[in-house]
Every structure is written in C-alpha cells, then in structure tokens.
Amino acid sequence: MNQQSGLALDGIGVRFGGLVALDGVTLRCPPGRILGVIGPNGAGKTTLFNVVCGFVRPTSGTITLDGRPLRPRPHRLAALGIGRTLQGVGLFAGLSVVENVMIGASHTARAGFASALLGLPRSDRDERRIRDAAMELLAELGIAEHADASPGTLPYALRKKVSIARALAAKPRLLLLDEPAGGLGADEISELQQLVAGLPARDGGETSVMLVEHHMDFVMSLCDEVVVLDFGRVIATGSPQQVRDDPAVAEAYLGAVVESGDQA
Ligand SMILES: Nc1ncnc2c1ncn2[C@@H]1O[C@H](COP(=O)(O)OP(=O)(O)OP(=O)(O)O)[C@@H](O)[C@H]1O
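Thresholds, definitions, all that
- Each chain carries its own residue numbering, running from 1 in the written order of its sequence.
- At least 70 in pLDDT is required for a residue's local features to be given in this predicted model, at least 80 for side-chain atom pairs to be given and counted, and no such filter applies to totals for whole chains, interfaces and linings, which use all residues.
- Remark: hydrogens and water are excluded; side-chain values derive from all non-hydrogen atoms of the structure.
- Labels follow the DSSP assignment, with helices taken as runs of H or I lasting at least four residues and strands as runs of E lasting at least two, numbered in each case from the N terminus.
- Whether two residues are in contact is decided by their heavy atoms: any pair within 4.5 Å suffices.
- Using a 1.4 Å probe, the Shrake-Rupley method yields the accessible areas, and only the shown protein chains count as cover for residues.
- We call a residue near a molecule or strand whenever a single non-hydrogen atom of that residue lies within 4 Å of it.
- Polar contact is defined as a pair of N or O atoms within 3.5 Å, subject to the rule that within protein one atom must be able to donate a hydrogen and the other to accept it, and that residues adjacent in sequence are counted only when both atoms are side-chain atoms.
- Residue classes follow a fixed rule: Ala, Val, Leu, Ile, Met, Phe, Trp, Tyr, Cys and Pro count as nonpolar, while Asp, Glu, Lys and Arg count as charged, and any other residue, Gly among them, counts as polar.
- Helix axes use the C-alpha atoms of the stretch in contact, all axes being lines fitted to C-alpha atoms, and the angles between their N-to-C directions lie in the range 0 to 180 degrees.
- The crossing is said to be left-handed when, going from far helix to near helix, the turn is anticlockwise and less than a right angle, and right-handed when the turn is clockwise.
- Disulfides are defined in this document as cysteine sulfur pairs within 2.5 Å.
- Residue exposure (1.4 Å probe, protein chains only): buried if accessible area is under 20% of the type maximum, exposed if over 50%, otherwise partly exposed.
- Here, the term nonpolar core denotes a set of buried Ala, Val, Leu, Ile, Met, Phe, Trp, Tyr and Cys residues that are joined through side-chain atoms within 4.5 Å.
- Between any two strands, at least two bridges found by DSSP are needed for them to pair.

Trainee: Please clarify how the overall build of the chain should be interpreted in this entry.
Mentor: The secondary structure content of the chain amounts to 10 helices and 10 strands. Relative to all contacts within the chain whose residues are 6 or more apart in sequence, the contacts with residues 24 or more apart total 67%. Split by element, the accessible area of the chain, about 12700 Å² in all, is 50% carbon and sulfur.

Trainee: Before we go on, may I ask you to explain the site of the ligand in this structure?
Mentor: Close to the ligand lie F16, L19, A21, P40, N41, G42, A43, G44, K45, T46, T47 and H214. At 2.9 Å from an oxygen atom of the ligand is found a side-chain nitrogen or oxygen belonging to H214. Out of a free accessible area of 640 Å², the ligand has 59% covered by protein chains. Of all the secondary structure elements, the ones that give two or more residues to the shell around the ligand are β2 (19-29) and α1 (45-53). Per element, the largest residue contribution to the shell around the ligand is 3 residues, and it comes from α1. The class makeup of the residues in the shell around the ligand is 5 nonpolar, 6 polar and 1 charged.

Trainee: Sorry if this is basic, but what is going on with the packing of helix α2 (residues 97-104) against helix α5 (residues 156-169) here?
Mentor: Each packed pair of helices is defined by two parameters, the angle between the axes and the distance between the axes. As a packed pair, α2 and α5 sit with axes 6 Å apart at the nearest point and diverge in direction by 35°. Seen from above, α2 lies across α5 with right-handed handedness. Seen from α2, the contacting residues are V97, N100, V101 and G104; seen from α5, they are V162, A165, R166 and A169. Residues of the contact of α2 with α5, tallied by class, amount to 5 nonpolar, 2 polar and 1 charged.

Trainee: When you look at the state of the cysteines in this model, what are you seeing that I'm missing?
Mentor: Linking two cysteines covalently via their sulfur atoms produces the bond known as a disulfide. As enumerated under the stated definition, the model contains 0 disulfides in all. A disulfide-free cysteine, C29 has its sulfur positioned 9.2 Å from the sulfur of C223, the nearest such atom. Classification of C29 as buried rests on a relative accessible area of 0%. No disulfide involves C53; its nearest neighbouring cysteine sulfur is the one of C29, lying 13 Å away.

Trainee: Looking at this model, I keep getting lost on the nonpolar core. Mind explaining?
Mentor: Soluble globular proteins tend to bury their nonpolar side chains together. Ranked by internal contacts, the top residues of the largest apolar core, which has 46 residues, are V101, L138, V196, L199, F218 and V226. Counting residues per element, this core draws most heavily on α5, which supplies 8 residues. Setting aside residues up to four positions removed in sequence, F218 forms contacts with P180, A181, I189, L192, Q193, V196, L211 and E213. Counting 29 residues, the second largest nonpolar core, distinct from the first, contains I12, L22, V37 and V51.

Trainee: How should the sheet that holds strand β9 (residues 225-230) be read in this particular structure?
Mentor: Neighbouring strands of a sheet are bound in pairs by backbone hydrogen bonds; such pairs are parallel or else antiparallel. With mixed pairing, the 6 strands of this open sheet are ordered in space as β6-β7-β8-β3-β9-β10. Edge positions in the sheet fall to β6 (82-85) and β10 (233-238), since each of these pairs with one other strand and no more. Neighbouring strand axes in the sheet, compared pairwise and without regard to direction, differ in orientation by 15° on average. As paired strands, β9 and β10 are joined by 5 bridges and run antiparallel to one another.

Here's what the structure looks like:
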C-alpha cells in the first residue's frame, strides 16, 4: 500500500467566530481500513465529518485523497470518489428505494440523468445500467424486495441500509458514515456491524471507511484504528484496545459524564 493512499488530514483547524471547533487535527484513513472517530459531546466529530464532506471549509490545514489535494464540495462528492451517509437517513420521499440508490450513481450518467429520473426525457441505456447496478446493491444488502417501496413506508433500520446502498452506488474510494448506529436497536446494530465490516473489502479492498459514531461497542468492534477528539484536538490515536486503555480518553469521557450529570 502506498504511504499516501487513502484520506489524509493534516493540521486541520476550524473556527466558528471565536470558538475553536477543530485544532490541528491530523489523521489517516488508509484503503481497506475502517477508521473510527469518537469523542464526548461537542468534541468536534460532526465538524470533522463536515470538513471532509465540504460542508465546512477548514481555516487551516490540508486534506488529500490518494496523495492528491482534496477540495470537497457537497454536490461533487460522488465525482470525487466519496460516498457518505448522514445522521438520520435523508432519502428522497418522492422516489422509490431503487431510484434513491440510482441517484447515488447519477454522476456516471449523461448530463441530466437526475432530472430524467424526475420525469424528463431520459437515456434508456444509462438508466438501465444504473438501475441494474442499484438492484445488485439492494440484493447484496438483502433489501431487494423493497426496491419499489417508498422509503417512508420502511422501518428505520431498512432506510439506513438504503442510504448506505445509495452511498455505495457511487463506488466510493472513501466512505463516510455519520452515526450509522444512531436510533437502532441491539439486533439491528449487530446486523449493521456485519454490513459495515464488509465494506472495506469492496472494489478490490481499496475502500477507506471513516466512521463517526457515539456507540462505543460498535466502534470498538469494527474499527482498525480509532481517533479520539476532545475540545477539537486529537487526544489519542490507536487500535481500539490502545484507545480503550488510554487514561486521557477515560478522563475526557468521565469529564463529559460529570458535566452532563451537573447539568441534569
Ligand atoms: N455552525 C456552527 N457555528 C458555531 N459553533 C458550532 C457550529 N457547529 C459546531 N459548533 C461548535 O463546535 C464545537 C464542536 O461541535 P461538533 O458538533 O462538531 O461536536 P460533536 O463532537 O459532533 O458533538 P456531538 O457528539 O454532540 O454531536 C461545539 O462547541 C459546537 O457548539
């Protein structure tokens, strides 16, 4: 594996007015690996996710993907090789499940494909190719039987799978998952665990996965490496076991518990 492969953040800083949300964050997310980003409330996890998605422009630092400078823009992520799922699911209510997944691959079609999906004249060949690929993904995730359903009629856990299928439809080099386990029950989480564990092996084992997640067991069982943020800084990086044993991490979380206890 090339030293520069995958996602690299170097010295990323983000300020919101006088508030330093991220301060010199450096991390690596190599191909074929799952990187977890954890930290107490307000640590900067969502801000970091938003930086990589292009929703937030860093005030300092650099981002590279496979050694090339990355200037993420939310509407160009798929073309840049980045797939993402958001907190919640964010599916289009007016489209069927399979159409939602097809939207994920629309950058590979001729211009205007997305609007074609919405009822305008379209390229039949493009649509067939993208629909077949979307159906394959739905089958792989075990939800093909829901292809024609409206997302709103499906249970939350299934909608989460649809949003992952949509992110995968772009065949991303880098997959960003924002709190995928949020709102799921124990059985659903263990099913999702199996699904996410298989993601880095996709497309020849070249997919990098970055996971921002509150659910500690989910992170610890899945991730090859974990980065811990606290007050916008990286306070620990290492294997799940190393991070679990790090006194600075325990202190950050304990402080957070005491603080929230004080507020209650
Ligand atoms: N758009 C914004 N404007 C001003 N401050 C912001 C903005 N977004 C985040 N912040 C602040 O930046 C800090 C980091 O917030 P962020 O949401 O990234 O943390 P987090 O680790 O994702 O927290 P949580 O676990 O509660 O979701 C917090 O102090 C937050 O209040």
